[in-house]
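Listed below, chain by chain, are the residues.
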Amino acid sequence: MRVLLVEDEQRLAENIVAALRETGLAVDHAPDGEVGSLLAEQGVYDAIVLDLMLPGKSGLHVLQDLRRRKLHTPVLILTAQESKDSVVNLLNAGADDYLSKPFDLGELLARIKALIRRAKGVSTPVLAVSDLELNTVQQTVRRRGQFLDLSPTEYRILEYLIHRPRAVVSQQELLEHLYDFDWEHHSNVIEAHISNLRRKLNVAGSEPLIETLRHRGYRLREEAGAR
Amino acid sequence: MKGSASITRRLVVTVLILELLSAVALIGAITVHEWTVQLQLFDGSLVANAESLMGAVQDTEDESDNVMLDMRGVRVAKDAVFRVEDERGKVLGSVGEPPHLETSASAAPLFRNTTVRGRDYRFLVLNGTRIVDPGTANGGVRHSITIVYGTPSRHVWHEVLEAVRFFAIATAFLLGITAVVMAWLVRKGLSPVHELARQAERIGPGEWHFHAPMSAKDTAELRPLAAALEAALARLQRSFEQQKRFTSDAAHELKTDVAIIKSSLQLLSMRKRTLEEYGQGLALSLEDITRLESTVEKMLTLARLEQPAESYYATAASQSCSLRDVIEDAVHQSKPLAELKCIEVVVEINADVRLPIDSRDALLLCSNILLNALQHSPDGATVRIAENADESITRLTVRDQGEGISDEDRDHVFEPFYRGDQSRSRKSGGTGLGLSICKAICERAGGSIEIASNAVGGALVTVTLPVKTGDSGSTLSASLKAE
């Protein structure tokens, strides 16, 4: 999952980015409203964390422009203003959640994850497809009750796929949603990770879960009646 | 309500008392006038009656040259008493018992007040002459007739009292009507005051807008009050809003700083880390805390400087510092930043003066202005500090070669937390309190600070401060004595 952080306060941004990356999210950081708006409108983010007071363009304007472009990325607002009016205005302008400064970093992470889940149509932190179970809080994967040892990237690929059951996910989409600008990425990296993932998921007596559709992408297969 | 003064009541009572006094004076005048008129009438009727009695004195029918009183055809008023005598004291006729009054020889009628049987009477003593047989050779016999005629004078008093009573009743009636009409008119006339009060009553912490009602503005006496109220409230509102903005900005600033520290520590405790990572994290957190500390310190400095300076001028006598020393200290302090940006700081001080400011405040003022100039200067530029002093004031100018200042920013740059960008980017460093602190220091010392764009580019900060005349004053007087 890829998150955009728009925050002008350098030190705060550094901390949030570090925390988000430690929980396995790809994060891009925009230091002002203009850049934030530009990045947000690419539509590659699974969630946006937006500070309200930004140089260049205010957080509220960034949000309004985003919604005007029919982008439904969940947006969490960080604000130092606590008046009821501003909260109501924000939610009415299309924000999904807000946290007032100073906030709890753990709470911020939990809220971002919840936003991502809900945006993908899932409401519990434990996702299951056929006999595969993925716990997004503990970041563990079990197949037929058996814990699998996945690398962080493999876990992230599986998490993304499991959030989009039955859909064909292209390599491009995976790249966009799993890597931020700070990471070097090549499409063959994805291929390598997918093949490793496939091998690790292959528990004795089970069907292969990840399908490859040539020139189109990957799909997590869902066996009929298994869910 | 007891003890409170009512303008309405006071006005009505004052007017009524004045009316009453004039009425009393009027009634007094009327009494005197009426008395005079009635007395003249009364006297007139006395004279007429006495004259008719005089006419009734006739020759006797016999041969003697005597006279007699013939009362036929003479009408005498009821209660009247009279006596008609001739020159020998012979009573020709009388009714009642008129007193013996001294008579004068003159022909002019003489009036006398006296009492007859317990009743007040007014008497007329009339002297007349009757000539018997005027046709004879010796010219007839002259008889001097004295008539004393009186009637009760109570009638006069009665008439006067009647008139006075009429006027008194009329006056009382008019006073009553005046009182009612006055009260109504005054109350109506004072209605703009009530309206003004009603309008003023609406003012509260949430509602500062005050527009004096038109009725108050149209009243000459209320116009100054209404205008003063409006102006005072506008001033209060401005200062209240400034305070509110300062509080909200300060809260924003502090919350951001606290958010940074909190997130730094929480990030560190998210999972187990190596000793090295902990060390780095703690160092970063310490930096964050230092920043919070400096923000708080600046806020407190500003709060201290903005305290009412009652005792300031008292203590100012004991405070003084050399401007040259302060500028040198400030330049020294900012040296690291100047060297980092390769900026040359040129100091031109003509004369050293002493400022009536605490040396720490003066240093804060100079170094804040200098830091501001350095921050806004491009690398390799020059910052010029110049000082010009005359007898009472000194003018310190700091000129940089930065981007200058826009007109819009110039109006707000001394407001707390103003950063020249609505969004308050903290990248440029500083909390946006530096120039506010400078302004507070200058104003406290009775000076001023201004910022303007330089014609050749860059900003020009001008500080005007009073010069401490304590020591120079004594040398001046010494030189005067020498002369």
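Preceding this section is the structure that the text describes.
Residues numbered from 1 in each chain as written. Chains lettered and ligands numbered in written order. Predicted model: local features only at pLDDT ≥ 70, side-chain atom pairs only at ≥ 80, totals over all residues.

**Thoughts on the overall build of chain B**
Step number 1: Within chain B, the regular secondary structure consists of 13 helices and 14 strands.
Step number 2: Across the 483 residues of chain B, 24% fall into the buried class.
Step number 3: Sequence separation of at least 24 residues holds for 64% of the intrachain contacts in chain B that already meet a minimum separation of 6. (Helix = DSSP H or I, 4+ residues; strand = E, 2+ residues; numbered from the N terminus. Buried ≥ 20, exposed ≤ 12 C-beta atoms within 10 Å, placed from the backbone. Contact = placed C-beta atoms within 7 Å.)

**Here we look at helix H6 (residues 275-305) of chain B**
Step number 1: Here H6(B) is 31 residues long and its end C-alpha atoms lie 44 Å apart, about the 45 Å a rise of 1.5 Å per residue gives.
Step number 2: Residues of H6(B) that are buried sit in contact with helix H1 (10-22) of chain A together with helix H5 (223-268) and helix H12 (434-444) of chain B. (Expected span 1.5 Å × (residues − 1).)

**Considerations on the environment of Asp79(B)**
Step number 1: Mapped onto the elements, Asp79(B) comes out in the loop between strand E2 (67-69) and strand E3 (81-85).
Step number 2: Excluding residues within four positions of it along the chain, Asp79(B) makes contact with Thr151(B) and Pro152(B).

**A word on the pairing of strand E10 (residues 210-213) of chain A**
All names here are of chain A.
Step number 1: Sheet topology note: the E10/strand E11 (residues 217-220) ladder contains four bridges and is antiparallel. Residue pairing in the sheet places Ile-210 in a bridge with Leu-220 of E11.
Step number 2: From the end of E10 to the start of E11, which pair antiparallel, there are three residues, and His-215 there has a positive phi angle of about 60°. (Pairing = 2+ DSSP bridges.)

**Quick look at the sheet that holds strand E14 (residues 459-466) of chain B**
All names here are of chain B.
Step number 1: A sheet is described by the order of its strands in space; here five strands give the open sequence E9-E11-E12-E14-E13, paired in mixed fashion. Looking along the sheet, the strands with just one partner apiece sit at the ends: strand E9 (344-349) and strand E13 (448-453). With strand direction ignored, the average angle separating the axes of adjacent strands in the sheet is 15°.
Step number 2: Pairing of strand E11 (residues 382-389) with strand E12 (residues 393-399) involves six bridges; the strand directions are antiparallel. Following the sheet pairing, Asn-388 is matched in E12 by Arg-395.
Step number 3: Packing against the sheet, helix H8 (residues 323-333) makes contact with E9, E11 and E12, and its axis sits at approximately 180° to E9.
Step number 4: H12 rests against E13 and E14 of the sheet, and its axis sits at about 135° to E13. (Axes fitted to C-alpha atoms, helices over the stretch in contact; angles between N-to-C directions.)

**Here we look at the interface of chain A and chain B**
Step number 1: Taken together, the 22 residues of chain A in the interface contact 20 residues of chain B.
Step number 2: Looking at the side of chain A that touches chain B, the elements with two or more residues in it are H1 and helix H5 (105-119) of chain A.
Step number 3: In terms of residue count, H1(A) provides more of the side of chain A that touches chain B than any other element does, eight residues in total.
Step number 4: The residue makeup of the side of chain A that touches chain B, split by class, is 11 nonpolar, five polar and six charged. (Nonpolar A, V, L, I, M, F, W, Y, C, P; charged D, E, K, R; others polar.)

**Looking at the sheet that holds strand E7 (residues 132-135) of chain A**
For sheets, the rule is that strands pair by backbone hydrogen bonds, running either parallel or antiparallel.
All names here are of chain A.
Step number 1: Pairing is antiparallel in the open sheet, where four strands are placed in the order E6-E7-E8-E9. The open sheet has two edge strands, strand E6 (126-129) and strand E9 (146-148), and neither has a second partner. On average, adjacent strands in this sheet sit at an angle of 25° to one another, irrespective of strand direction.
Step number 2: In the sheet, strand E8 (residues 140-143) pairs with E9 via three bridges, with the strands oriented antiparallel. When the bridges of E9 are listed, Arg-142 appears paired with Phe-147.
Step number 3: Where helix H6 (residues 152-163) meets the sheet, it contacts E6, E7 and E8, and its direction lies at approximately 110° from that of E7.

**A few points about the environment of Leu175(B)**
Residues and elements named next belong to chain B.
Step number 1: Its place among the elements puts Leu-175 in helix H2 (residues 154-189).
Step number 2: With 152 residues separating them in the primary sequence, Leu-175 and Ala-23 have C-alpha atoms 9.3 Å apart.
Step number 3: With residues near it in sequence (within four places) discarded, Leu-175 still touches Leu-16, Glu-19 and Leu-20.

**Notes on the nonpolar core**
Step number 1: Membership of the largest hydrophobic core comes to 65 residues, with the highest contact counts inside it found for Val3(A) and Val49(A).
Step number 2: Broken down by element, the residue count for this core peaks at six residues, all from H1(A).
Step number 3: Residues in contact with Val49(A), not counting those within four places in the same chain, are Val3(A), Leu5(A), Ile16(A), Leu76(A), Leu78(A) and Ile112(A).
Step number 4: Met299(B), Ile357(B), Val398(B) and Ile437(B) belong to the second largest nonpolar core, which has 39 residues in total. (Core = buried A, V, L, I, M, F, W, Y, C linked by C-beta atoms within 7 Å.)

It is worth stressing that arrangement in space is one thing and function is another; only the former is reported here.
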